[in-house]
Amino acid sequence: MTEATTNPSVTGGRSPMSRLGQHMNELSLFAAIVLLYIIFGLTADGFLSFYNQTNILRDAATIGIAAWAATLIIIAGEIDVSTGPMVAFISVVLAYLIQWGVPTVGAFVLAIVIGGLLGSIAGALRAYFDVPSFVATLGLWSALRGLSLYFTDALPVSIGRNDIVDMLDRPIFGLPPAAIIMMVLFAVFWFVSKRTAFGRSVFAVGGNAQAAFLSGINVRRIRVTIFVLAGMMAAISGMLLLARLGSGNATAASGLEFDVIAAVVVGGTALSGGRGSMLGTLLGVLVITLIGNGLILLGINAFIQEVVRGIIIVAAVLANIYAIKRGAAKKG
């Protein structure tokens, strides 16, 4: 699949109906969000309350910030399953740094650097040693989860009173700072994916890595960079988790990686690579968050919630496959 068919920035000569078809996934997701609001608004007590809407935004930020980088990773034809343990590990590292007297801002900078370095491990394994990204990030998942539990004995690491950390969970004009940070980062990643040579290269690598290499794209550098970005986004999520809980917690963010992947796939990004959009991921994040929040308010069993999430992922993958085949049939 070439970039001309996957990157909307090069669709200049297409008819209005063709452009509408290209955005059909986003339109259907928007309709699904409206439908979810109607259903849960009528059936779940407190769903439409301001307090619950604030919680939805916080939960969406936890998924969304990591999902922006995950979108680039999946567009490039890779996968990252280390998100949850990395977020938890960074929150623990931050808590210890603050306990040891490191200035909070400096601790935040160090956390982002550490996140980037951890991401670069998976990226280097994929780029230079040809280790499948699933295996590389699965190894990272296990190592980070084990280290977090070992250093904390599975107990929260309290940071006490910290004004800067508290600010990250103090509403600004009624909005959670996490949601504002999520949308600022969304704008950055949208611009990168749509308007930069790096973004076009990610699409090209995902469409056909060999062809991208022959056209002069440094495929190894692209692969390392996207995993570095994923580590940095996990670090930011770790900061927000620390602010929300008031402590570093090795058992927090469990299963976050699956919510992130689900949001990206539901948003229309193809697991085979070369196709996807940040807007689709944003809508996918909202769909996943709304479903989770609504099911909790309805008192649905937590195990059944996992079943629902699994069905959503499989349905989204099937829809992606159908869309790809339909597009190929039309070209043929």
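This is a predicted model, so every value here is computed, not measured.

Asks: In this structure, what is going on with the overall build of the chain? I would like to understand it.
Replies: When you go through the chain residue by residue, the secondary structure sums to 15 helices and two strands. Taking 332 residues into account, the globule formula puts the C-alpha radius of gyration at 20 Å, and the chain, at 20 Å, falls close to it. Projected onto its principal axes, the C-alpha positions of the chain cover 65 × 50 × 35 Å. Counting the 332 residues in the chain, one finds 48% classified as buried. Sequence-distant contacts in the chain: of pairs separated by 6 or more residues, those separated by 24 or more amount to 79%. When the accessible surface of the chain is summed, it comes to about 15500 Å², and 70% of that surface belongs to carbon and sulfur atoms. Charged side chains in the chain number 20 positive and 14 negative. The centres of these two groups are separated by 14 Å.

Asks: In this structure, what is going on with helix H7 (residues 133-152)? I would like to understand it.
Replies: The α-helix winds at 3.6 residues per turn, so residues separated by three or four positions along the chain end up facing the same way. Here H7 spans 28 Å end to end across 20 residues, near enough to the 28 Å set by a 1.5 Å rise per residue. All of the buried residues in H7 are Ser-133, Ala-136, Thr-137, Leu-140, Leu-144, Arg-145, Ser-148 and Thr-152. One side of H7 carries all its buried residues, which in axial view fall inside an arc of 155°. Residues of H7 that are buried make contact with helix H5 (83-99), helix H6 (104-129), strand S1 (157-158) and helix H12 (219-245). One or two positions beyond H7, positive phi appears at Asp-153, with a value near 55°.

Asks: Teacher, can you tell me more about the UniProt feature "transmembrane region" (unreviewed entry) in the chain here?
Replies: Summarizing the sequence annotation, UniProt attributes the feature "transmembrane region" (unreviewed entry) to residues 27-48, 60-76, 82-98, 105-125, 172-192, 224-246, 278-301 and 307-324 in the numbering used throughout. The span residues 82-98 is 94% helical and 0% strand by assignment, and the distance between its end C-alpha atoms comes to 24 Å. Annotated as 100% helix and 0% strand, the span residues 105-125 places its first and last C-alpha atoms 31 Å apart.

Asks: Sorry if this is basic, but what is going on with the pattern of salt bridges here?
Replies: Side chains that differ in sign of charge can pair as their charged atoms come close. For the structure shown, the criterion picks out seven salt bridges. A salt bridge links Arg-58 to Asp-169; its shortest N-O distance comes to 3.2 Å. Here the residue Arg-58 occupies a position in helix H4 (residues 50-75), and Asp-169 occupies one in the loop between helix H8 (163-167) and helix H9 (177-195), the gap between them amounting to 111 residues. By relative accessible area, which is 14% here, Arg-58 ends up buried. Residue classification places Asp-169 among the partly exposed positions, given a relative accessible area of 25%. Residues participating in the shared-partner salt-bridge network are Glu-78, Arg-126, Asp-130 and Arg-223.

Asks: Teacher, can you tell me more about the packing of aromatic side chains here?
Replies: A full pass over the atoms with the stated rule returns five aromatic pairs. Each ring, one from Phe-40 and one from Phe-47, has its centre 5.5 Å from the other, and the planes form 50°; the classification is tilted. Residue classification places Phe-40 among the buried positions, given a relative accessible area of 6%. Judged by centre distance (5.7 Å) and plane angle (20°), the ring pair of Tyr-96 and Trp-100 falls under stacked. Ring-pair connections join several aromatic residues into one group, and the members of that group are Tyr-37, Phe-40 and Phe-47. The ring centre of Trp-141 lies 5.8 Å from the NZ or CZ of Arg-145, which sits over that ring.

Asks: Honestly, the confidence of the model for the chain in this entry has me stumped. Any pointers?
Replies: Predicted coordinates in areas of low pLDDT are best not read in detail. Looking at the chain as a whole, the pLDDT averages 90, with 90% of positions reaching at least 70. Here residues 8-15 is modelled with pLDDT under 50, and outside its nearest four sequence neighbours on either side it reaches 13 contacts, counting other chains as well.

Asks: Just to check I follow, could you spell out H6 for this structure?
Replies: Over its 26 residues, H6 runs 37 Å from end to end, which matches the ideal 38 Å to within 8%, given 1.5 Å per residue. Largest kink in H6: about 25°, centred on Gly-123. For H6, the complete set of buried residues consists of Thr-104, Ala-107, Phe-108, Ala-111, Gly-115, Gly-116, Leu-118, Gly-119, Ala-122, Gly-123, Arg-126 and Ala-127. The elements touched by buried residues of H6 are H5, H7, H8 and H12. Taken from the residues just after H6, Asp-130 is the one with a positive phi, measuring 60°.

Asks: Before we go on, may I ask you to explain the nonpolar core in this structure?
Replies: In globular proteins that are soluble, nonpolar side chains generally tend to be buried together. Among the nonpolar cores identified, the biggest contains 88 residues, and Trp-68 and Leu-94 are the most heavily contacted of them. Apart from the residues lying within four places of it in its own chain, the contact partners of Trp-68 are Met-182, Leu-185, Phe-186, Phe-189, Met-278, Thr-281, Leu-282 and Val-285.

Asks: Looking at this structure, how should I read the side chain of Ser-91?
Replies: Topologically, Ser-91 is positioned in helix H5. Owing to a relative accessible area of 0%, Ser-91 belongs among the buried residues under this scheme. A distance of 2.7 Å separates a polar atom in the side chain of Ser-91 from the backbone oxygen of Ala-88.

Asks: I would appreciate a short explanation of unusual backbone geometry in the present structure.
Replies: The general pattern is negative phi for most residues beyond glycine and trans for most peptide bonds. Its identity as a non-glycine residue notwithstanding, Ala-154 has a phi of 65°, on the positive side. When you line up the elements, Ala-154 lands in the loop between H7 and S1. With a phi close to 60°, Ala-253 is a non-glycine residue in the positive phi region. Tracing the sequence through the fold places Ala-253 in the loop between strand S2 (247-248) and helix H13 (256-266).

Procedures and definitions
- Residues numbered from 1 in each chain as written.
- Predicted model: local features only at pLDDT ≥ 70, side-chain atom pairs only at ≥ 80, totals over all residues.
- Heavy atoms only, no water.
- Helix = DSSP H or I, 4+ residues; strand = E, 2+ residues; numbered from the N terminus.
- Rg over C-alpha atoms; globule rule 2.2 N^0.38 Å.
- Buried < 20%, exposed > 50% of the residue type's maximum accessible area, 1.4 Å probe, protein only.
- Contact = heavy atoms within 4.5 Å.
- Areas by Shrake-Rupley, 256 points an atom, 1.4 Å probe, with all protein chains shown as cover.
- Lys, Arg positive; Asp, Glu negative; His and termini not counted.
- Charge placed at Lys NZ, Arg CZ, Asp CG, Glu CD.
- Expected span 1.5 Å × (residues − 1).
- Arc of directions from axis to C-beta.
- UniProt positions renumbered as here; feature names shortened; annotations may be inferred.
- Salt bridge = Lys/Arg side-chain N within 4 Å of Asp/Glu carboxyl O.
- Phe/Tyr/Trp six-rings, centres within 6.5 Å; stacked < 30°, edge-to-face > 60°.
- Lys NZ or Arg CZ within 6 Å of the ring centre and 35° of its normal.
- pLDDT = per-residue confidence, 0-100.
- Bend = angle between axes of the 7 residues up to and from the residue.
- Core = buried A, V, L, I, M, F, W, Y, C linked by side-chain atoms within 4.5 Å.
- Polar contact = N/O pair within 3.5 Å; in protein donor to acceptor, adjacent residues only side chain to side chain.

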